[in-house]
Amino acid sequence: MSSNNESIGKTLAVVVSLCLVCAVIVSLTSVQLRPLQKANKAKDIQSNILAAAGIGKVDNVAETFDAKIETRFVDMQSGEFADPVEDFDFEKTKYDAEEGYPLKENGIKDIAGIQRITKRAPVYISKKDDGSTDAIILPIQGYGLWGLMYGFISLESDGETIKDIIFYKHNETPGLGGEIQNPQWTATWEGKELPIQIVKGTAAGDEHKIDGLSGATLTSNGVDHAVDFWTGENGFGPFLAKVRKGALN
């Protein structure tokens, strides 16, 4: 009887010790990999911003980004340039009590389904070789069918004409809503002008309308609402109004 108890006790001790060792290893690995994960995320974001600006694949993403893109922060209410937000994360900073606030509680209609918004947000300004503005890239997010979609919309220097739209993270159904990443669909946005409406059927000949995604009405609606919100008065609208008056010239 005593032998059996000792055997069970030893077994449990070994199991607990093994679990503790594994937990320590996993924790240490997570901590050590965190800077690499952060760097890879930043590189992915920069790559998508460059793509939205019309700059293709490059050998050194960070170097090209620093040379071609100017990052500024904007006060979302006034549209004026503001101090940068340290370690800004477009997916998370809105949950910071000091930097973000709930939409509905502040009387703002949450058409994009994002719940909260930041007081300050980044805008990315692509420069030509002569230093003039080539494109303005705005981060956007909105609820699709299965969750939030994250992307960038690129505008010409007039602040109205669309150059490109890119979604880099979403949970939409492959072959249906997932077609928001299809270059053939995103290409139809080029040259269109704000405000935009995504419609069923064909939008040919209308500079403010985009063909909806076949079989993905809710995703199309989500993109429509996201673009409408972020380019409207509660998003980057105040900033774009200043751009249209020559604020970047």
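Residues numbered from 1 in each chain as written. Predicted model: local features only at pLDDT ≥ 70, side-chain atom pairs only at ≥ 80, totals over all residues. Heavy atoms only, no water.

Another point: the nonpolar core. For soluble globular proteins, nonpolar side chains are generally found buried alongside one another. The biggest cluster of nonpolar side chains holds 59 residues, and the ones touching the most others in it are L138, W189, V223 and W230. Take this core: its biggest share by element is 6 residues, from strand β7 (residues 148-156). If we skip the residues at most four places from it in the chain, W189 touches I162, I165, I196, I198, I210, V223 and V227. (Core = buried A, V, L, I, M, F, W, Y, C linked by side-chain atoms within 4.5 Å. Buried < 20%, exposed > 50% of the residue type's maximum accessible area, 1.4 Å probe, protein only. Helix = DSSP H or I, 4+ residues; strand = E, 2+ residues; numbered from the N terminus. Contact = heavy atoms within 4.5 Å.)

To continue, consider helix α2 (residues 61-68). Here α2 has its buried residues at V61, T64 and F65. All buried residues of α2 fall inside an arc of 100° around its axis, so they share one side. In α2, those exposed residues whose orientation departs by more than 90 degrees from the buried face are E63, D66 and A67. Where α2 begins, the side chain of N60 points an oxygen toward the backbone nitrogen of A62, at a separation of 3.4 Å. (Arc of directions from axis to C-beta. Polar contact = N/O pair within 3.5 Å; in protein donor to acceptor, adjacent residues only side chain to side chain.)

As a further point, take the confidence of the model for the protein. Per-residue confidence for the protein gives a mean pLDDT of 90; residues scoring 70 or more make up 90%. The lowest-confidence element of the protein is helix α1 (residues 2-52), averaging 72 in pLDDT; the highest-confidence one is β7, averaging 98. (pLDDT = per-residue confidence, 0-100.)

Each regular strand carries side chains that alternate between the two faces of the sheet. Within strand β6 (residues 133-143), 10 of the 11 residues are buried, which leaves the element mostly enclosed by the surrounding structure. Hairpin geometry of strand β5 (residues 120-127) and β6 is characterised by an intervening segment of 5 residues between the two adjacent antiparallel strands and by a positive phi of about 90° at G131. Note: β6 against β7, 9 bridges, orientation antiparallel. Bridge assignment links G142 to a residue of β7, and that residue is M149. The hairpin formed by β6 and β7 contains 4 residues between the paired strands. (Pairing = 2+ DSSP bridges.)

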